[in-house]
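Observations on the three-dimensional arrangement
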Amino acid sequence: MKLVSRNFATPDSHKLAVYEQSGGYARIRKALEMEPQKIIDEVITSNLRGLGGAGFPAGRKWSFLPKGNPKPRYLVVNADEGEPGTCKDKYIMTYDPHLLLEGIMIASWAINSHTCFIYIRGEYVKQARILEEAIAEAKAAGYLGDKIFGKDFPLEVIVHRGAGAYICGEETSLLNSLEGQRGWPRLKPPFPAVEGYLACPTIVNNVETISYVPWVIELGGQKFAELGSERNGGLRLYSVSGCVNKPGVYELPMGTPLREIIFEHAGGLPEGRTLKAVIPGGSSAPVLTAAEIDIPMDFDSLAKAGSMLGSAGIIVFDDSVNLVEALAVLIRFYAHESCGQCTPCREGTGWMRKIIARVLDGGGRPADPDNLLRIANNIIGRSICPLGEAASLPVIGFVTKFRAEFEEYIATSRKVDAPATTSRMAAAL
Amino acid sequence: MKNDGYSVTNKIMADSITTEQTQPAVFSPAAFKEAEAIIARYPSRDSATLPILHLAQREFGYISPAVEQLAADLLQRPVTDIHGVVTFYTMFNQKPVGKYHIQICRNISCWLKNAPGLLEHLKNRLGIDVGETTPDGKFTLTAIECLAHCEQAPAMQVNDDIITNLTKEKIDTLIGDLK
Ligand SMILES: Cc1cc2nc3c(=O)[nH]c(=O)nc-3n(C[C@H](O)[C@H](O)[C@H](O)COP(=O)(O)O)c2cc1C
């Protein structure tokens, strides 16, 4: 079964006429006949979770908007797609921009917002252009603008390009960035639903989350919920990358076993290779060992297993991969992307990078696995935003589950390597 | 985010202080009109900062102190605020870049598909190190983090285009074709 990926392979699927032929814009027409609260209720019933990473139930988030606040409300679509291993929103924006727009229209009607920003990562130049064209088409058809579908309900959608900063995918950093500031996260509370863009009530949702809303309306909340697993409604897009035969983006039910995704849908591992480790939910999610992949891919099952479904960016490592070096790539990334605002994350990620760099350069110390763990554990819970955790969880996962590999690397690389003239950390990664 | 021990941020900042341009930057009439339209789209003027800087970079190639001043005047913000924004985001160049800005991903999914080998190949092929521009001003080489094309790794960006499933051969053909 396919929902949001249904049109991906259709020629000219990004055009309004093609979208309408496949039943597009019927759901917003239906939604405009529904009471906004009824839509929110359907979304709550559907168990549609936030698919940007945190998995917060979408309908519940919408119902947190304060009542009786005279300020304008905003909808902000998070199209930053920054989590390494995640490449799914790109497909929706490239091949089905009108689906996203229809979702935006329904959500805007449900939460009574007249302005939507799509905050799209700066590198998605092509996708930003496709969205602009789709918006122009929708406007010309009277689907956006002063009176959408003839109804006394104005709606504008503005595509806003980011400029290269992973942290701007974090919703409060995104809002500061949208306001033209450095992308520094804000302390919560207040949550964006209460005080978001320009201190107005704001709903931030991921591209994919919003793109499932038309399907909730079409199928009804109950039916949508039944497509997934308990408390994890519907389907979702799984991005699979790394050591598999068929890397790609696959739409499958919530709760699909990880083993099935890797070995059936993504074609398994190359001939002669065996599975060593899997990151199940984007680079921030704690790694699973090969023995841990018989697990339903939904938010609750992975949380119970000590990892996260996150953005469902599945990164596969086979037995040829050196996991010490793999972790070094991740540590470098988080040190690079830490925004520098709060001390535990800024300093902690820098320290972890220094330690892993010396390990790679042959100067690792026997205590370094524990040093990494201690720093990671001291960042968690002490940073302004969850980037601190995102940087620490992979460290804790890799060092704990593959400790022997770290110890061996430190022991052997000290003997083998003459002091390098250029840092291997800098050169090889 | 520009917070990399290997990046040249400090050097760039020093350069921008010492090589301060005295000539003010001015938008062409067409770009000015575009800028006004951008500003009109937003409920707050500050919110137009990133799109104005993208426009300015398209017009001038990079964001010099004079361009920061131009943006500050248009947006009615202190130039220090603009500098703070420019220095936060990796996509804003504070130095001129080559005609073709090659940015290769080195994050995990591309790393698993030999991104380091391809980066070495690019360095040799272009005869420059990461962060440098060829003497003829044609190519600048940058190593960047995830481009969200993990399923088609390895990937790199050349100006506005993203090129995927890279091999050494593909890179050689591409570089040969870029005039
Ligand atoms: C460091 C960091 C990076 C994030 N990057 C993204 C991103 O690129 N895209 C996204 O949709 N959510 C991202 N998030 C999650 C957002 O903060 C937020 O939870 C999400 O946009 C809410 O939408 P949803 O409920 O529909 O998932 C990120 C969070 C953190 C902490």
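Here the structure is a predicted model, which is why all the values come from computation and not from measurement. Note that residues are indexed from 1 along each chain, following the sequence as it is written. Chain letters and ligand numbers both follow the written order, the letters beginning at A and the numbers at 1. Where local features are concerned, this predicted model is filtered to residues with pLDDT of at least 70; where side-chain atom pairs are given and counted, the filter is 80 or more; whole-chain, interface and lining totals use all residues. Each side-chain value is derived from all of the structure's non-hydrogen atoms; neither hydrogens nor water enter the calculation.

**Some remarks on the overall build of chain A**
- Numbering of helices and strands starts at the N terminus; helices are DSSP runs of H or I of at least 4 residues and strands are runs of E of at least 2. Scanning chain A from terminus to terminus reveals 18 helices and 9 strands.
- The C-alpha radius of gyration of chain A comes to 22 Å, within 12% of the 22 Å expected for a compact globule of 429 residues.
- In terms of overall dimensions, chain A has C-alpha extents of about 75 × 45 × 35 Å along its principal axes.
- In this scheme, a residue with accessible area under 20% of its type's maximum is buried, one over 50% is exposed, and one in between is partly exposed, where area comes from a 1.4 Å probe on protein chains only. Each of the 429 residues in chain A was classed as buried or not, and the buried ones make up 62%.
- Sequence-distant contacts, at least 24 apart, represent 70% of the contacts inside chain A between residues at least 6 apart.
- Counting rule for charge: Lys and Arg are taken as positive, Asp and Glu as negative, and neither His nor the chain ends is counted. Charged side chains are reduced to one point each, which is NZ for Lys, CZ for Arg, CG for Asp and CD for Glu. Taken together, the 46 basic and 48 acidic charged side chains of chain A have centroids lying 4 Å from each other. We compute the radius of gyration from the C-alpha atoms alone; for a globule the expected value is 2.2 Å times N to the 0.38, where N is the number of residues. By definition in these notes, contact holds between two residues if any of their heavy atoms fall within 4.5 Å.

**Regarding the interface of chain B and chain A**
- In this complex, chain B contributes 44 residues to the contact, which on the side of chain A involves 67 residues.
- When two parts are brought into contact, each loses some accessible area as probed by a 1.4 Å sphere; the total of that loss over both is the buried area. Counting each side, the surface lost to burial between chain B and chain A is near 4400 Å², with a carbon and sulfur contribution of 58%.
- For salt bridges, the criterion is a side-chain nitrogen of Lys or Arg within 4 Å of an Asp or Glu carboxyl oxygen. If you look at where chain B meets chain A, you find 2 salt bridges.
- One salt bridge connects Glu-151 of chain B with Lys-90 of chain A, and the closest N-O pair in it is separated by 2.8 Å.
- Polar contacts, as counted here, are pairs of nitrogen or oxygen atoms within 3.5 Å of one another; within protein the pair requires one atom able to donate a hydrogen and one able to accept it, and residues that are adjacent in sequence qualify only if both atoms are side-chain atoms. For the pair chain B and chain A, the interface holds 22 residue pairs in polar contact (both at pLDDT 80 or more).
- Mapped onto the side of chain B that touches chain A, the elements with two or more residues apiece are α3 (49–60), α5 (79–88), α6 (108–111) and α7 (115–126) of chain B.
- When residues are sorted by character, Ala, Val, Leu, Ile, Met, Phe, Trp, Tyr, Cys and Pro go into the nonpolar class, Asp, Glu, Lys and Arg into the charged class, and all the rest, Gly among them, into the polar class. Tallied by class, residues from the side of chain B that touches chain A come to 20 nonpolar, 14 polar and 10 charged.

**Remarks on the pairing of strand β9 (residues 313–318) of chain A**
Residue and element names in this part refer to chain A.
- Counting buried positions over the 6 residues of β9 gives 6, a clear majority of the element.
- Here β9 shows no split at all, with Gly-313, Ile-315 and Phe-317 on one side and Ile-314, Val-316 and Asp-318 on the other all buried.
- Sheet analysis places strand β5 (residues 235–242) next to β9, joined by 4 bridges and oriented parallel. Opposite Ser-239, over in β9, you have Gly-313 as the bridge partner.
- Judged from the 4 bridges that link them, strand β7 (residues 275–279) and β9 form a sheet pairing that is antiparallel. Within β9, the residue paired with Ala-277 across the bridge is Phe-317. Only strands that DSSP links by at least two bridges are regarded as paired with each other.

**Focus: the packing of aromatic side chains**
Residues and elements named next belong to chain B.
- The rule is short: rings of Phe, Tyr and Trp, with Trp giving its six-membered ring, pair when the centres are within 6.5 Å, and they are stacked under 30 degrees, edge-to-face over 60, tilted in between. In this structure the tally under the stated criterion is 23 aromatic pairs over all chains.
- An angle of 35° between the planes, with centres 5.9 Å apart, marks the rings of Tyr-100 and Phe-139 as tilted. Of this pair, Tyr-100 sits in strand β1 (residues 100–105) while Phe-139 sits in strand β2 (residues 139–144), placing them 39 residues apart in sequence.
- For Tyr-100, a relative accessible area of 14% gives the class buried.

**Describing the pairing of strand β3 (residues 156–161) of chain A**
All names here are of chain A.
- As paired elements, strand β2 (residues 115–120) and β3 share 6 bridges and run parallel to each other. In the sheet register, Phe-117 faces β3, and the bridge partner there is Ile-158.
- Think of it like this: strands point away, you trace from the first strand over the helix to the second, and a clockwise trace means the crossover is right-handed. Between the parallel elements β2 and β3, the chain passes through helix α7 (residues 125–140) in a crossover that is right-handed.

**Some details on helix α9 (residues 207–219) of chain A**
Residues and elements named next belong to chain A.
- Take the residue count of a helix, subtract one, and multiply by 1.5 Å to get its expected span. For α9, with 13 residues, the first-to-last C-alpha span of 19 Å sits near the 18 Å given by 1.5 Å per residue.
- Burial runs high along α9: 11 of the 13 residues are buried.
- Buried within α9 are the following residues: Val-207, Glu-208, Thr-209, Ile-210, Ser-211, Tyr-212, Val-213, Pro-214, Trp-215, Val-216 and Ile-217.
- Two to three positions downstream of the cap, the backbone nitrogen of Glu-208 sits 2.8 Å from a side-chain oxygen, assigning the N-cap of α9 to Asn-206.
- A positive phi of about 90° marks Gly-220, the residue just after α9.

**Here we look at the sheet that holds strand β8 (residues 288–289) of chain A**
Residues and elements named next belong to chain A.
- Taken together, 5 strands build an open sheet; the order of strands is β6-β5-β9-β7-β8 and the sheet is mixed. Of all strands in the sheet, those with a lone pairing partner are β6 (248–253) and β8, marking the two edges.
- Strand direction decides the pairing type here: β7 and β8, joined by 2 bridges, are antiparallel. Considered in β8, the bridge of Ala-277 is made with Thr-289.
- In this analysis an axis means a line fitted to C-alpha atoms, helices contributing only their contacting stretch, and an angle means the value between N-to-C directions, from 0 to 180 degrees. Sitting on the sheet, helix α11 (residues 258–265) touches β5, β6, β7, β8 and β9, and the angle it makes with β9 is about 70°.

**What to know about unusual backbone geometry**
- In this model, Lys-188 of chain A is joined to Pro-189 of chain A through a cis peptide bond whose omega is -10°.
- Mapped onto the elements, Pro-189 of chain A comes out in the loop between α8 (171–178) and β4 (202–206).
- Here the amide bond leading from Pro-189 of chain A into Pro-190 of chain A is cis, since omega sits at 5°, within 30 degrees of zero.
- Topologically, Pro-190 of chain A is positioned in the loop between α8 and β4.
- If you check the backbone angles, Gln-76 of chain B has positive phi at about 55° while not being a glycine.
- Positionally, Gln-76 of chain B belongs in the loop between α4 (65–75) and α5.

**A closer look at the site of the ligand**
Residues and elements named next belong to chain A.
- Here a residue is near a molecule or strand as soon as one of its heavy atoms is found within 4 Å of it. Taken together, 20 residues sit near the ligand, with Gly-52, Asn-78, Asn-205, Asn-206 and Thr-209 positioned nearest.
- Within the backbone of Gly-82, a nitrogen or oxygen atom sits 2.9 Å from an oxygen atom of the ligand.
- The contact in question runs from an oxygen atom of the ligand to an N or O atom on the side chain of Asn-206, over 2.7 Å.
- We get accessible surface area from the Shrake-Rupley algorithm with a probe of 1.4 Å; when it comes to residues, only the shown protein chains can shield them. Here the ligand has 610 Å² of accessible area as a free molecule, and 91% of this is covered by the chains.
- Residue contributions to the shell around the ligand peak at 3 residues, all from β4.
- For the shell around the ligand, the residue count by class is 6 nonpolar, 9 polar and 5 charged.

Any functional reading would require information that these geometric values do not contain.
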